[in-house]
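Remarks on the overall topology
Given next are the chains, with one letter for each unit.
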Amino acid sequence: MHPAGLCAACLGSLGLLRLLGAPWPWSLAATFGVCLGGGGWRLLRLLVRTAPRDLFGLSVLLRVKYQLRRHQKAKNTIPKIFQEVVHRHPEKVAFIYEGTGEQWTFRRLEEYSNSVANFFYQQGFRLGDVVAIFMESRPEFVGLWLGMAKVGIEAALINFNLRLDSLVYCVATSGAKAVVFGGELASAISEVNGMLGKNMVKFCSGDFHPAEVPPDTKHLDPLLRSTSTSAPTQIPGKGLDDRLFYIYTSGTTGMPKAAIVVHSRYYRIAAFGYYAYRMRPEDVLYNCLPLYHSAGNIMGVGQCLIHGLTVVIRKKFSASRFWDDCTKYRCTIVQYIGEICRYLLNQPVKASESLHCVRLAVGNGLRPTIWEDFTRRFRIQQIGEFYGATECNCSVANLDGKVGACGFNSRLLPNVYPIRLVKVNEDTMELLRDPAGLCVPCRPGEPGLLVGQINQQDPLRRFDGYVSPGATSKKIATDVLRKGDQAYLSGDVLVMDDLGYLYFKDRSGDTFRWRGENVSTTEVEGTLSHILNQTDVAVYGVEVPGVEGKAGMAAIADPKAKVNPNVLYQELQKVLPPYARPVFLRLLPQVDTTGTFKIQKTRLQREGFDPQQTSDRLYFLDLKLGRYIPLEEHLYERIRAGKAAL
């Protein structure tokens, strides 16, 4: 019997006995007997082992809901909430930029963002206009989108690794009227200047060489210094459920998709992290994640803007400097993705790793195999592992440190937070349905697709989708948990145990995770096929023992043995970011296709990069040599043993 059914049976028995006039002690004893007789020991075990976790989770949920309603009633936005923080402690340090060591107080961030708001308004940008931001992580990045939001301008946060077609696509699909780029990325903008359109306004921030930027570029920094730092008088008529900015996420359609982030979503993600992991205003958070991602810009920076924490911003992650930075700035919280934890464990032991003040590590992707090694070696009291995506409405969190779990859902009160694992065809990822047409819930131990019931009136359950309506519709299913409902399809397969703990199993569809990035197989296939004159290509992720995520592998149809792997690599370096370049190549006579010419990858993924599984030519990307080398048995064993650099 389902635990909730046991609860109903027990309560029903108790109510019936009381109606019949039985005394309380006898009623309770009899009810307890009914429960035990109906499998109540399982219920008792669930209560004992999960009640503290579930009650704390419920308190976090209610607290976030209360705060959201309060801000909705007050018609607040993220800039207005930030202004309240500034008023509380204007001289407190908001950001420490590790790149230069400079410190930004809350007053400085407020004044800088005010200058941004006033300047862009003076330039004619208005409510609902979009401006793309393309720069590496630094305080100005935050000040730019925050300032734009103060006058209702929506920022498109562009991945600074993108180049050429991908870069142009992301800027164009956002509908941006202007782009602000960092001086360090001037050459990338110059490469695509002719493709951005004649009407695209360009601003450069930071140091740059005049010869490197397009001739019609304006230097933003001196313009901002000559603009008023007072709060803008043109307050937009925006509320908590209106658009704040766009974050790009890889998906099954090929190119990155612009996910809509509304003010309430930004608040929800940051507030959940704050309350779930018992953060405090005096905490110092170390953030080495890119600010074009929701992890770095919402979960990390959001603690500064909404709750007044000091955040250390590092331009790029450095395994050798990580604990030195944490010790130097007396950080108490660090952010991670799974790869970061592995890189840190691979570093030689050093004094700073035992001198730091870090008590909490927050992130996602920490594998169970290194979880305890990480906490033990670096003396981390709590791991705040969570699961979520920028646009999803079914985020979950590990609140009690259960090793390997990315979150939980209550077995006793599953409807409090309406998420489910539902059965799918693992080859096609098509939802399986019962005779009534509803999705089939998974039992404990059964892997399934995570879905979240949609309610647009509830900030915790709304789904705002993407700029593209077509991309949005593909993530919504109907008649999922009950007739007439709608649910968000996460695209990820998880599994739940008997206590309700959730464990990440796999990323379905046409993406896989590598080096902290979602890699779109469709995009990489298209790029490879174009370079190779429309050759059939299948791209997929393969597991490498001891390594987080999946390494990219490309199977290329090469019946006449004309493909030169290293000429191909030279071309890939020009058009794909490092994380999207295939680690393994497989050159074969032909790629398997269906009757409708869809590429089949099941067999290829199963055989992986094992040379004993195929007679096809296999290659491995040797980063030290900077080229592909033949993958034979000895090299295969070195890769499996973790002795080859990936």
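Numbering of residues begins from 1 in every chain and follows the order in which that chain's sequence is written. In keeping with the model being predicted, local features are shown solely for residues with a pLDDT of at least 70 and side-chain atom pairs are shown and tallied solely at 80 or more, while totals for entire chains, interfaces and linings include all residues. The side-chain figures draw on all heavy atoms in the structure; neither hydrogens nor water molecules are used.

1. With respect to a nonpolar patch on the surface
Patch rule: a residue counts if its relative accessible area is over 30% and it has no salt bridge; like charges are joined within 9 Å, and nonpolar side chains (Val, Leu, Ile, Met, Phe, Trp, Tyr) within 5 Å. Each accessible area is a Shrake-Rupley result for a 1.4 Å probe, and residues are judged covered by the shown protein chains and nothing else. Salt bridges are defined as contacts in which a side-chain nitrogen from Lys or Arg sits within 4 Å of a carboxyl oxygen from Asp or Glu. A cluster of nonpolar side chains, Trp41, Leu44, Leu47 and Val48, forms an exposed patch at the surface whose accessible area comes to about 400 Å². We count a stretch as a helix when DSSP gives it H or I for four or more residues in a row; a strand needs E for two or more, and each element gets its number in order from the N terminus. Topologically, Trp41 is positioned in helix α3 (residues 40–73). Owing to a relative accessible area of 55%, Trp41 belongs among the exposed residues under this scheme. Type-normalised accessible area, obtained with a 1.4 Å probe on protein chains alone, sets the label of each residue: buried when under 20%, exposed when over 50%, and partly exposed for intermediate values.

2. Examining the environment of Arg638
Here Arg638 lies in helix α19 (residues 633–640). Throughout, a residue-residue contact means that at least one pair of heavy atoms, one from each residue, lies within 4.5 Å. Arg638 has contacts with Lys643 and Ala644, leaving out every residue within four places of it along the chain.

3. Considerations on the sheet that holds strand β28 (residues 627–630)
Two strands make a pair as long as DSSP finds a minimum of two bridges between them. Sheet architecture is open: five strands sit in the order β24-β25-β26-β27-β28, paired in mixed fashion. Single-partner strands in this sheet number two, and they are β24 (537–542) and β28. Each adjacent strand pair in this sheet contributes to an overall mean axis angle of 25 degrees, direction not counted. Here strand β27 (residues 617–622) pairs with β28 via four bridges, running antiparallel. Opposite Phe620, over in β28, you have Ile629 as the bridge partner. Strands β25 (551–557), β26 (584–588), β27 and β28 of the sheet are contacted by helix α17 (residues 565–575), whose axis makes an angle of about 155 degrees with β28. Angles run from 0 to 180 degrees between N-to-C directions of axes, and those axes are lines fitted to C-alpha atoms, restricted for helices to the stretch in contact.

4. Here we look at the confidence of the model for the protein chain
Per-chain confidence: the protein chain averages 89 in pLDDT, with 91% of residues scoring 70 or above. Scored below 50 in pLDDT, residues 11–24 makes 14 contacts in the model with residues more than four places away or belonging to other chains. Residue-level confidence of the predictor is summarised by pLDDT, bounded by 0 at the bottom and 100 at the top.

5. Remarks on unusual backbone geometry
The phi torsion at Lys75 lies on the positive side, around 55 degrees, for a residue other than glycine. Note that Lys75 resides in the loop between α3 and α4 (78–88). Its identity is not glycine, yet Ala561 carries a phi of approximately 55 degrees, on the positive side. Mapped onto the elements, Ala561 comes out in the loop between β25 and α17.

6. Description of empty space enclosed by the protein
In this approach a probe as big as a water molecule rolls over the atoms, and the regions it shows empty are the leftover space. In this analysis the probe radius is 1.4 Å and the grid spacing 1 Å, with only protein atoms considered; a cavity is a set of points the probe fits into but cannot get out of, a pocket is an open set with protein on both sides within 12 Å along at least five of seven lines, and lining residues have an atom within 4 Å of a point. Grid points are joined across faces, edges and corners, and a volume is the space filled by probe spheres set on the points. Tallied over the full model, the rule gives one cavity of 30 Å³ or more. In this model, the largest cavity occupies a volume close to 50 Å³. In this structure, the largest cavity is lined by Phe512, Trp514, Val519, Val524, Val539, Gly552, Met553, Tyr579, Ala580, Arg581 and Pro582. Counting residues per element, the ones that place at least two in the lining of the largest cavity are β22 (511–514) and β25. Along the lines of polarity and charge, the residues of the lining of the largest cavity split into nine nonpolar, one polar and one charged. Under the scheme applied, nonpolar residues are Ala, Val, Leu, Ile, Met, Phe, Trp, Tyr, Cys and Pro; charged residues are Asp, Glu, Lys and Arg; polar residues are all the others, including Gly.

7. Focus: the nonpolar core
Counting residues in each nonpolar core, the largest one holds 173 residues, and the members touching the most others are Trp145, Tyr266 and Phe584. With eight residues, helix α10 (residues 263–276) is the largest single contributor of residues to this core. Excluding residues within four positions of it along the chain, Trp145 makes contact with Ile78, Ile133, Ala155, Leu157, Leu244, Phe245, Tyr266, Asn297 and Leu305. Of all hydrophobic cores here, the second largest spans 30 residues; its members include Ala319, Cys326, Ile337 and Ile340. Grouping buried Ala, Val, Leu, Ile, Met, Phe, Trp, Tyr and Cys residues that are joined through side-chain atoms within 4.5 Å yields what is termed a nonpolar core.

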